[in-house]
Structures are given as C-alpha cells and as structure tokens.
Amino acid sequence: MHLTPAMREFILHWGEMGARWGVNRSVAQVHALLFVSPNPLPADEIAETLSIARSNVSSAIRELQGWKLVKVSRELGDRRDHFTTLHDLFDLVKAVVEGRREREFVPTMAALEEVLEASKSDGETPEEVHKRLAEMLETMRLFDTWYREVNRLPRGAQTALLKAGGAVSRFLPKTS
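Attention here is on the structure that accompanies the text. In this text, all values refer to a predicted model and were calculated from it rather than measured experimentally. (Residues numbered from 1 in each chain as written. Predicted model: local features only at pLDDT ≥ 70, side-chain atom pairs only at ≥ 80, totals over all residues. Heavy atoms only, no water.)

A word on unusual backbone geometry
Right, on to step 1. Positive phi values are uncommon outside glycine, yet serine 51 reaches one of about 55°.
Right, on to step 2. Position of serine 51 relative to the elements: it lies in the loop between helix H3 (43–50) and helix H4 (54–66).
Right, on to step 3. Here serine 51 falls in the exposed class, since its relative accessible area comes to 65%.
Right, on to step 4. One non-glycine residue, lysine 68, adopts positive backbone phi at about 60°.
Right, on to step 5. Along the chain, lysine 68 falls in the loop between H4 and strand S2 (70–75).
Right, on to step 6. Judged by its relative accessible area of 65%, lysine 68 falls in the exposed class. (Helix = DSSP H or I, 4+ residues; strand = E, 2+ residues; numbered from the N terminus. Buried < 20%, exposed > 50% of the residue type's maximum accessible area, 1.4 Å probe, protein only.)

Below, the structure is given as structure tokens:
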C-alpha cells in the first residue's frame, strides 16, 4: 500500500499516542494503518507497509480484535484473511471507552466495594480512610451511571449532547 506523507505522519503520531495511552506502538500503528486504508488489508501487506515483523502484526491484530476494533474479512480467490477497523469515529470511540470501562473502571469499582466491606469489619481502618474510599466509590458509580445512561441514548441525542458541551452550564445553578 502506498502511504502519502500525511498518512505516514498520522500513523507515526497514532503510534506515539498509543504508547502514551499504554498501548504498544506497533499495535497503535497497525490500527492507524487500517483506519486510513480504503480497503481491508492482509497481514503480510500490513507488515510490509509498516516495516514490522509479521509476528508483530499477528499479535497486534489479536489485541485489536480483543478491543473489538478490528474485524476480519475474506476475498474471493484469496485464502488470506483481510483486516479492517471501524472507520466511523463515533463507533471507534465508543468501542475504546467501553473496552476501558470493562477492563479498568468496573474492576476498580468491584475492588473498592471489597475493600470498603473489609474496612468495616477489620477494626483498624481509620474512619477518615473509610469515608474517603466510600466517596471515591460513590463518585465512580456516578460517572458509570452517567456513562451507561448516555450510552443508551440514540446517536442523534448523543451528538446533540456533545455539541451542547459547556453551554449546558448556563442552565445549571451557579455555585462556588
């Protein structure tokens, strides 16, 4: 696949951002290539285009499939799997947020629930610490409830909410 300078720059930047987000650079670059590619690509073409090992591409594809960001397709006359990613940015962001919620946010809430339960009966945890942890759990639950409610809205309503942005603050009570 021929990469224009702009495509190359995007792939390199996405790899850098992936590393900052805790994602392997190669995984992020494979995702970026699939995002800018007009057609699904086989693994060998991904490896050749990005100048990375075929085994790295296979690992990256598996990881991206785990995040539900990459899908496999087949073409008549070609025995190879071809890969593509979500091109709709709204769907892409939704998949990433949901993946992070399931892998990070939900387990943290569950761990906090266990820690709070243990702190009630251990007789050692200071009340101030217990209250702080309870406040953290309650705040996380508020964000999670908000996310799940917004996630259930139709896309048009979600888009309108995003476009409203900070303008919503005009309708809220002013507090210091």
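And the narrative resumes.
Describing the environment of arginine 100
Right, on to step 1. Turning to its location among the elements, arginine 100 is positioned in helix H5 (residues 89–121).
Right, on to step 2. Excluding residues that lie within four positions of it along the chain, arginine 100 makes contacts with Trp21, Trp67 and Phe105. (Contact = heavy atoms within 4.5 Å.)

So, a nonpolar patch on the surface
Right, on to step 1. The grouping of Trp146, Leu153, Leu161, Val168 and Leu172 at the surface amounts to a nonpolar patch, some 450 Å² of accessible area in total.
Right, on to step 2. Considering the arrangement of structural elements, one finds leucine 153 in the loop between helix H6 (127–152) and helix H7 (155–164). (Patch = residues over 30% accessible without salt bridge, like charges linked within 9 Å, V, L, I, M, F, W, Y side chains within 5 Å. Areas by Shrake-Rupley, 256 points an atom, 1.4 Å probe, with all protein chains shown as cover. Salt bridge = Lys/Arg side-chain N within 4 Å of Asp/Glu carboxyl O.)

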